[in-house]
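Observations on chain architecture
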Amino acid sequence: MPSAKRSASKKSVAKPSQAIISEEPETVIDHDKSKVECVCPKCGKKHIMNFHWIGRGTPRKYCQSCRDSI
Ligand SMILES: [Zn+2]
């Protein structure tokens, strides 16, 4: 019998793990939209926008206040 000692020690750690919920809300992403951190090319402010972005780096998008002033 190979490694009978190991399985014997594991048996004592048999506890119900129902309290552990491995659901992370941050991993749930919209189908094609996700929260992306953008930088405003006008005021240089960082803001979060919801759109589809597969590229790397920080996309340049106008923030809410600059968009209103255009
Ligand atoms: Zn701005």
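In the block above lies the structure referred to throughout.
Since we're looking at a predicted model, the values are computed, not measured.

1. As for the pairing of strand 1 (residues 34-39)
- The sheet contact formed by strand 1 and strand 2 (residues 46-51) spans six bridges and is antiparallel. Within the sheet, the bridge partner assigned to E37 lies in strand 2 and is I48.
- Counted along the chain from strand 1 to the antiparallel partner strand 2, the turn is six residues long, and its residue G44 has a positive phi close to 75 degrees.

2. Focus: the environment of Y62
- As for its placement among the helices and strands, Y62 is situated in the loop between strand 2 and helix 2 (64-69).
- Overall, the presence of 19 C-beta atoms within 10 Å leaves Y62 in the partly exposed class.
- Measuring from C-alpha to C-alpha, the distance between Y62 and C43 comes to 8.4 Å, with 19 residues separating the pair along the chain.
- Apart from residues lying up to four places away in sequence, Y62 is in contact with C40, P41, K42 and R67.

Rules used throughout
Residues numbered from 1 in each chain as written. Predicted model: local features only at pLDDT ≥ 70, side-chain atom pairs only at ≥ 80, totals over all residues. Pairing = 2+ DSSP bridges. Helix = DSSP H or I, 4+ residues; strand = E, 2+ residues; numbered from the N terminus. Buried ≥ 20, exposed ≤ 12 C-beta atoms within 10 Å, placed from the backbone. Contact = placed C-beta atoms within 7 Å.

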